[in-house]
Amino acid sequence: MWTLVLNSGSSSFKFALIDPASGKTWLSGLAERLGVEAASVRLDSDGKRQTHSLNGGSYAEAMRLVLAELDALGLRQDVRAVGHRVVHGGSRFSAPAPITPEVLEAIRDCVPLAPLHNPANIAGIEAAMNAFPGLPQVAVFDTAFHQTMPEIAYRYAVPEEWFRQHGVRRYGFHGISHAFVAGEAARVLGRPLAELNLITAHLGNGCSVCAVSGGRSVDSSMGLTPLEGLVMGTRSGNVDPGLHDYLARVSGLTLTQITAALNRESGLLALSGLTNDMRELEEATARGHVGAKLAVGIFVYRLAQGIAAMAVALGRVDGLVFTGGIGENSATVRAATMARLPFLGFKLDESANAAAARGQGGPISAPDSLPALVVNTNEEWMIARETAGILALTPR
Ligand code: AMP
């Protein structure tokens, strides 16, 4: 059974046709800038890349192009299910869900919690339902993995009515990635996941740390929205909750403008005054750029604090996992973070860390350290596995 995995954004979608058992990808690609003149679809299969321009093409047109390619490769009849990444499942979903009208409605109910993401996810689901009528469609939620967080971790100290009536609590995100890398780390460490207390650090454009005990999330740095926690590419992470009121009064900015700036004009970009891209920041730091150095320094400081917070959630720590574009590729960020963590029992092996920077993954800790390792995340494979898994459990 092959699964078509869709990760839909507001004007783009990523797709991959994956064998859930092996993770082998047969066809993958990216449709982007949909709805505008520069719309295009990139298709990668068998080491070959084609790019089609779609000139203002819609979601549905891009989907038709993917279908045509599946036909050309003789693969369409082998697609047994479509797995969709859905960002916010609220408190309702603690596992993937085969999509029914009720499930779609529940995803719609979560739109106020993820106004940028859930509408795009719904558009992707609807386009795929039209393109593949009769095929099972499954929603795999970024929040579901964190539904095992205990109340002590997920409640904010705010009026109870906000929690009861408006769902104001911590949800956590990047769950698909945290779950995948925790499983892979257990495999690399040669120990059952059920016995391990792991801290996983997903560091990409968005960043979060997670405390994973026995394969279950018990805390995460992200909260009600993916804005809480660590410093990210363009997101501020934690700020004083009094900031909005103060800034609105002194600057005249509206709540919407402040929230937009905290999401899109903050983080590494704001601190460096240069870019949100960690690779460029490392190059700029090497050239002596003061803002870049400060941005990386604060990023690492806050990351180490986040890791320490996850150690509190776990009580005992058996390992630390780095993943995401920065976690997998930046030896500098990993080294600087580990340098702040000897009190937790972590010590870096510099040559292993440098080797892991070449995309290999693997352990980066010294022999007398708690294990720290790099694991390349594969959210598409995890979505394919979860989709296949839930369909096997669901009678049809
Ligand atoms: P992601 O969202 O997981 O694709 O991660 C994007 C982030 O990873 C960006 O900040 C990139 O600059 C960063 N990144 C990718 N490759 C490298 C690299 N070789 N060195 C440092 N950062 C990298």
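In case you missed it, the structure is sitting above this.
Residues numbered from 1 in each chain as written. Predicted model: local features only at pLDDT ≥ 70, side-chain atom pairs only at ≥ 80, totals over all residues. Heavy atoms only, no water.

Caption draft 1: View of the environment of Phe-132. Relative to the helices and strands, Phe-132 resides in the loop between α3 (118–131) and β8 (137–141). Considering only alpha carbons, one finds Phe-132 and Ala-81, 51 residues apart in sequence, at a separation of 8.9 Å. For Phe-132, the residues in contact, after removing those within four places along its chain, are Leu-4, Leu-67, Leu-70, Val-79, Val-82 and Gln-137. (Helix = DSSP H or I, 4+ residues; strand = E, 2+ residues; numbered from the N terminus. Contact = heavy atoms within 4.5 Å.)

Caption draft 2: Examining the nonpolar core more closely. Of all hydrophobic cores here, the largest spans 40 residues; its most connected members are Ile-199, Leu-203, Met-278, Phe-299, Leu-303, Leu-320 and Val-333. Taken together, the elements giving at least two residues each to this core come down to β9 (197–203), β10 (207–213), α10 (278–286), α11 (290–314), β12 (319–323), α13 (331–338) and β14 (372–374). Ranked by residues supplied to this core, first place goes to α11 with 11 residues. Beyond its immediate chain neighbours, meaning those up to four positions away, Ile-199 contacts Cys-210, Ile-307, Met-310, Ala-311, Leu-314, Val-317, Gly-319, Leu-320 and Val-321. (Core = buried A, V, L, I, M, F, W, Y, C linked by side-chain atoms within 4.5 Å. Buried < 20%, exposed > 50% of the residue type's maximum accessible area, 1.4 Å probe, protein only.)

Caption draft 3: Up close: the site of the ligand. Close to the ligand lie Gly-204, Asn-205, Asn-276, Asp-277, Met-278, Arg-279, Glu-282, Gly-324, Gly-325, Ile-326, Asn-329 and Ser-330. The separation between an oxygen atom of the ligand and a polar side-chain atom of Asp-277 is 2.7 Å. Taking 500 Å² as the accessible area of the ligand by itself, protein coverage stands at 72%. At the level of secondary structure, the elements contributing two or more residues to the shell around the ligand comprise α10 and α12 (324–329). Sort the elements by how many residues they give to the shell around the ligand and α12 lands first, with 4 residues. Class assignment for the residues of the shell around the ligand results in 2 nonpolar, 7 polar and 3 charged. (Near = heavy atom within 4 Å. Polar contact = N/O pair within 3.5 Å; in protein donor to acceptor, adjacent residues only side chain to side chain. Areas by Shrake-Rupley, 256 points an atom, 1.4 Å probe, with all protein chains shown as cover. Nonpolar A, V, L, I, M, F, W, Y, C, P; charged D, E, K, R; others polar.)

Caption draft 4: Spatial organisation of the packing of aromatic side chains. Taken as a whole, this structure holds 6 aromatic pairs when the rule is applied. Look at Tyr-154 and Phe-163: their rings are 6.3 Å apart centre to centre, the planes differ by 35°, and that puts the pair in the tilted class. As far as the burial class goes, Tyr-154 and Phe-163 line up, both buried. Members of the aromatic cluster, joined through ring pairs, are Phe-13, Phe-15 and Tyr-59. Above the plane of the ring of Tyr-154 lies Arg-169, whose end atom (NZ or CZ) is 3.8 Å from the centre. Above the face of the Trp-381 ring, Arg-385 is positioned so that its terminal group lies 4.9 Å from the ring centre. (Phe/Tyr/Trp six-rings, centres within 6.5 Å; stacked < 30°, edge-to-face > 60°. Lys NZ or Arg CZ within 6 Å of the ring centre and 35° of its normal.)

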